Each structure stands twice: as C-alpha cells, then as structure tokens.
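If you want the building blocks of each chain, they are given just below.
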Amino acid sequence: MSSSTLVTKKYSAGIMSILPLIYIGWSDGVLSQRESAIIHQKSNDFPFLTSDDKTIIKEWCNPSTPPSEETFENWKNIIYEYCANSNSKQKEDLIELGITMAKSCDDCEDVNYWTSPQTRVALLDLQEKLGLNNIEAHRKIFGDTEQELNSEFDVNTMCRILDDDYHDFKNKIRTLLSYPEFKMEVIRDKEAYRKKILAWCKNLAKHGHGAISYPADHGGQDDMGKYCAFFEMLGYHDLSLAIKFGVQFGLFGGSVLWLGTKSHHDKYLKDIGQLNLAGCFAMTETGHGSNVRGLKTTATYDRSTNEFIIHTPTHQDGKEYIGNAIDSKMASVFAQLIVDGENHGVHALLVPVRDEAHNLLPGIKIEDCGYKLGLNGVDNGRIWFDKVRIPKENLLNKFGDIDENGKYNSPIKNPSKRFFTMLGTLVGGRVCVPRAGLSAAKTGLSIAIKYAAKRRQFASGKGDTETLLLDYPSHQRRLMPLLAKAYALDFALTALAKDYCQNINSDMRRIEGAAAGLKSHATWFTTQALQECREACGGKGYLHENRIGDLKADTDIFTTFEGDNTVLMQLVAKGILSNFSKEFHEEGFFAVLKMLSAQLSTNVFERNPISKRNSDRNHLLSSHFHLSAFRYREQKLLYSVSQRMRGLIKTTKSSTTAFLKCQTHMLALAEAHIERNVLENFISQVKSTKDVTCKNMLKKLSRLYALHTIESHKGFYLEAEYMNSSKTKAIRTIVDELCADVRTQALPLVEAFGIPDEILAAPIAL
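Residues numbered from 1 in each chain as written. Predicted model: local features only at pLDDT ≥ 70, side-chain atom pairs only at ≥ 80, totals over all residues. Heavy atoms only, no water.

Draft legend 1. Spotlight on the nonpolar core. By size, the foremost hydrophobic cluster in this structure holds 181 residues, and its most contacted members are Met 480, Leu 483 and Tyr 487. If you tally residues by element for this core, the top one is helix α18 (residues 473–502), at 15 residues. (Core = buried A, V, L, I, M, F, W, Y, C linked by side-chain atoms within 4.5 Å. Buried < 20%, exposed > 50% of the residue type's maximum accessible area, 1.4 Å probe, protein only. Helix = DSSP H or I, 4+ residues; strand = E, 2+ residues; numbered from the N terminus.)

The structure is reproduced here in structure tokens:
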C-alpha cells in the first residue's frame, strides 16, 4: 500500500462505480485509444452517470493527457480505503468493489439501484470489453501476490484430462520417482553417472516396467500405451534415464519384438525386459546419417556355413552414437542383406558384441563417444564389424528370411514397401521421444512460472511494493504462449499415441508421417521453450541447481535423433504432396499434381474483403476463424508448392532438382500441416471436456495458442491479403489480453502437470 493514506477528494456514486476499472486501465502506464473509445461509448449509455460525470470521465480517459500523479494517487487511496473495510469477495471483484464504493457515497439515494442485475450487467459488459480480469486487477491494486488467489478450475481434474487414460498409472510413477533411491544428483564424471543410470534402469526393470509393452507370456503387459505414458513420466525426471530406458526396452527390445518372430521372442524378450541382456540399436552410420536406405554395413549370407557375415566396409560406415554401446552384450544391427550376390535391402540382425565377462568378441571394435553436450549418463559409442559371423537364426525374420534351401523370401515382395513396413514397426520411438521432450519443457515452464510468481523487481512508485516478474506484460508475453502451446502439444501427442497403439499391427505409413511431423514440431518447441525459460529466470536460470541448464543440454539432441527434424519435415511435405499413399517418383508425382490442380481451384483462395478486415472481438476469438486461418495457410502453401514444382519439373525434367529448389517451401507446408493438426486436436479436446471450469480454461488456452500462431505468421497472411493490417493489429491486442488473463491461472496450470516437488527439484520453484 502507498505511504499516502489521506483521501483528498471523493466523487459521485456513478463515477465511484467505474473508478476501479479506470484505475486498472491506467495502471500499466497507458490507456490505449481502443480502451479510451470503449469507456467513452459505454459511459455515454450508462443511466447512472450525470453529464458532469461524463465530462470528468472523458477528461480522465484521454490517452494524450494522462491523469496527473496527484489524481492517480487519489484514485488509489480511495480504492484502498474502501478495500480496507471490504470482504475478500469485494476486493477480488472489480464490479463488486465499484458497486460497494457507489453505495457508500453521500449522493447515493437508492442503494437498491446499485444492487440491481441491470446495473451489474452494464458494468460487467464494460469490464469484458476492456479485457480486464479480476485476479489480475487485484494484483495491480495490492501487489501482494505471494498469496495466489483460488484457481478458476479444479487442478486435479485438469491433471486427469492431461493424463488421459493413464492418470492412476502416472500417479504411481510420480510416487516411484519421488522415492529417495531416485533422488537426482549432480554427477559430472560420466563413468559414475552412467553407473547411476544403469542402476536406476535395473531398478525399473526389477519392478517390471521395462517389459510393459512386451507380451504377457514374456514377462510383459502387452500395453504399448502404458509404455508411452511411462516414458513421458521419465521425461520429468532425468533425461539420461529416459533415453537409456528407451534404448534398452524400446529400441533394442522393440526391434526383437516387432522385427523378430516367436523363436526370438522366446529366447530373448524376458531377459531383455529384466535387463539381464543389455543391448543396443545399431542403425545410424557416420557417413550416412538419416539415409537409412543407404546404409553400407553388409550382412552377407554364407550358404556353406549357414551364417551371415557382418562387415563394415570403411571407417565412415561404422555405427555411430549408439546408446548402450558400452554396457551392451548384443546389438540389433541394421545392414544390407546380401544373398547370392543380390542385395535385398536393409534388414536387422542380432549380433553378440561381448562375452559374459564383458570382453569384446573377435571382429568387434567399440569406442566411447566420450563427453557430450548433454545426456552424459548414456553410454553412447561407435561400433565397427570386421567380418563377424553370426548364425542364420539371428536374422530378425518377420519381413525377410532365408529358407532351408538358402533362398531369400519375404511376405512383402516390393522392396520399397518392405523397407517402409520394417521402419514403420519402429515408429514408436518417434511417438515417445517428443513426449519426453514435452515433459522437459513443462518442467522448465513450471520452474520459470513459479519463480516469476514470487520474484519481484522494480516498483511503480516510491515506497510501493516491487512488481512481480509475472505481472510484467513482457514476461507474460514470453511465457504464456509457451504454456498454451505446451497444452496444445500435449493433446496432439496423446492423440498420436492413441492412434499408434490402436493401429500398431496395420499399415504404419500414415502414422509414421504424423509421428515424424509432431516429433519435429514438439522437439523444436522444447528447445525454444527451455531457452526462453532460462532467460526468464535471469541468472538464477543459469545456476545448475535450478535444472534448466541440464534440461536444455539433455533435450538439444532430441531435434536430431530418431531422425533429423528438417529431414523429417521434408518427408511430411512429400507425404502431403503424394496424398500419404504413393511412393514418390516422377510419374506418380505428375499424377498427384494433376489431382491437386483439379481439387484446389483458385476459388479456394478468393479473398473476402469483409473478412480480411473484420476485427470484431467475437470473430477473432472464434474457433471457426482460427481453423479457417490455419487451413487456409496449409492449402495455400500446398497449392503454391505443387504449382511451383510442376513448373520446375517441366523445365528441368528432374524431380530431384525440383525438390532442392522447393525445400524451404516444403518445410513451410509441413509446418502449416502440423500446426493445423495440433489446433484441431486442441479444439476437439475443448469440445469433449465435460468439466465446465476446465473447459473454459482450455478454451482460453486454445484461443491464445491459435491467435499467437496466426500472429507469428502475419507476414504470410498480409502478403496473401487474407488479412489487412488493422486485423493483425487487433489480433496482437487480443493476444496481449489473453496473456494477461492466462497469467492469472499460470500457477494452477503448471500444477496440473502433476510434477512432484521431489522431481521438480529446483530451489527457485519450491
């Protein structure tokens, strides 16, 4: 409270009723032209204002002549005087406060007039048009926000919504990871750190968590959805643990489960699930990266001995960045399968790499990758094979086998379809990785928001309480859109996981495309969000103890493993252009272009002169407008890139050249496609939410996500003449208002993530 407590002047009942609204309007230092116009318009219609009242209000609400410091201090003192004698409801409700002040005035002849529904509705309409929020106003008046006001929604219900079908299971994992034996430590020596992570993995395996996705008769629960949920929960804890767990039970065990047959399952799965057999997933090669089809490691069948010879042709063809390489006894190796001189494409084979004493076997060379930017609890290594012989039975033969006559056979005759089918069975990694990445982003947001809700800096006047970081509009702008997008991505990734689990035994091409896009979009978001959280926490965010540094370092690799994001987004764009069905080649591409040209006539892109300048608040907040804008951008980019590529192919006669010239255009198309998918899932979640308070909160977050995304692409919309500048300016204003509104619920929103303090483990957030 200000040191000045003397009320120097009071006003009429009419003015007193709207004084709190005017005070809050000026409290951030400026009253906009829009706010001024709203107050003038509404006050002219208020029957409880005299002509003198209206003249005074007009003078007060002129943006070019702000009220004097003395006048503003007088308003503040009046409000404080009434608040001192008011109950909590009156203090926390601007309209209730104004009405209380009006009823106490000497010129108030009819107290009942101020309690009538008509009067309250009129004042509420003004409050809503100004975009003011009661809780935010309370903070600006009192500046005492160490005490957060009640949530507008039930936090436990929101947590259940986010946890979806696995709320009870996730709560068990939250409890498990909060136990003392999982307490996180600062371990900078990679050898000691790796031992800790390995011990944690063995602990989880001992409790049956490693085998969750495996069949029941091999020690598992046959529940891939539960595995995805478990991996998500590990993302809140130690990311090295999450990745080590994923490599052992997801990649290595998953390759045996999905690419092998019963004999492999019976022989290996139980030991893999209990971590009695540690293994690695040897796919990536130094010289070939994301080009899995172009791997150079060979698996040549020797008919005379009924064996495969695994060989690395050159040093550059070695397997690189292989997680679990140092601890593993066996590797699932992806190599070109060669039988009688014929190459049948990439297949997976189980290759023993160490004996029981953990010594390297003959022909195996493994080197430690050493210290990395992050994830130093994971034992990444490089592997080379020098004519290593393995039995024929070690071929994971679900999609390709050698018969008793030494001949290759496969249930899928087309080599391209066989290759994509094999990779499709392993898409679970791209489903899970972004979930762990999003968990890390949620952790960072929880830390940054909780810190900003108690850290103060600078005061509005001498003797006043310093302002909370989270009450600065700039701070709201940097964190609230990220919070909204975290919710948006959560629902999109949950929908992807459900789709994957329900269709796991069918054609994975469609889901693989969706997983590639969402994995890229979500992990890029994680990188962006954690950097913003670090900066928002200032020097405190730079301290190791507050975790953001490790979260940034550990998740940075997420943008390039399980597929480089830029490469994956090109695959998404190609999938869109080929209608998610045909293998992409020149003849099929011409057919696709003809189809697109027929479907996407220029009528789709006709610009509506009324719509493009419609800045009505209800229009801008409607999900119909949001979806229309997102879909327009995707369709416009799809149409333009297809037209451009058709022209290039006609000129150059080469689809490869056309691809190279249109790469950035294709990436924009893929981004628009994924953003539209995320928004549709968000709106669907809002519609299906039964709890009214949670539904209303999610609607606000959906609006913020949609409008902030549209704002970030305003250059596109202005160039396309889909909107004019007055509309994009109106969107910017509403985004500011939504940020302020969501800020009031920021703490309960991050509480709904359900991160226990023992796992959050950042002093500035506790």
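Draft legend 2. Spatial organisation of the sheet that holds strand β8 (residues 381–385). Here we have three strands laid out as an open sheet, ordered β4-β8-β7, and antiparallel in their pairing. Unpaired on one side and paired on the other, β4 (319–322) and β7 (364–368) mark the two borders of the sheet. Here the strands of the sheet are splayed against their neighbours by 20° on average, with no regard to which way each runs. (Pairing = 2+ DSSP bridges. Axes fitted to C-alpha atoms, helices over the stretch in contact; angles between N-to-C directions.)

Draft legend 3. Representation of the packing of aromatic side chains in the model. Within the structure shown, the criterion is met by 22 aromatic pairs. Between Trp 60 and Trp 75 the ring centres are 4.9 Å apart and the planes differ by 65°, which places this aromatic pair in the edge-to-face class. With Trp 60 in helix α3 (residues 51–60) and Trp 75 in helix α4 (residues 69–84), this pair connects stretches of sequence that are 15 residues apart. The rings of Phe 169, Tyr 227, Phe 230, Phe 231, Phe 245 and Phe 249 are connected pair by pair, giving a single aromatic cluster. The ring of Phe 659 has Lys 574 lying over it, and the distance from NZ or CZ to the ring centre is 4.6 Å. (Phe/Tyr/Trp six-rings, centres within 6.5 Å; stacked < 30°, edge-to-face > 60°. Lys NZ or Arg CZ within 6 Å of the ring centre and 35° of its normal.)

Draft legend 4. Highlighting the packing of helix α19 (residues 509–536) against helix α27 (residues 663–688). Look at α19 against α27: their axes get within 10 Å of each other, and the N-to-C directions meet at 90°. Classified by the angle their axes make, α19 and α27 are roughly perpendicular. Contacts from Gly 517, Leu 518 and His 521 in α19 reach Ile 674, Glu 675, Asn 677 and Val 678 in α27. Along the lines of polarity and charge, the residues of the contact of α19 with α27 split into three nonpolar, three polar and one charged. (Parallel < 35°, antiparallel > 145°, perpendicular 65-115°, else oblique. Contact = heavy atoms within 4.5 Å. Nonpolar A, V, L, I, M, F, W, Y, C, P; charged D, E, K, R; others polar.)

Draft legend 5. Broad picture of the pattern of salt bridges. What the rule picks out here adds up to 40 salt bridges. Between Asp 125 and Lys 42 there is a salt bridge, with its nearest N and O atoms 2.4 Å apart. Here the residue Asp 125 occupies a position in helix α8 (residues 117–130), and Lys 42 occupies one in helix α2 (residues 33–45), the gap between them amounting to 83 residues. Given a relative accessible area of 17%, Lys 42 falls into the buried group. (Salt bridge = Lys/Arg side-chain N within 4 Å of Asp/Glu carboxyl O.)

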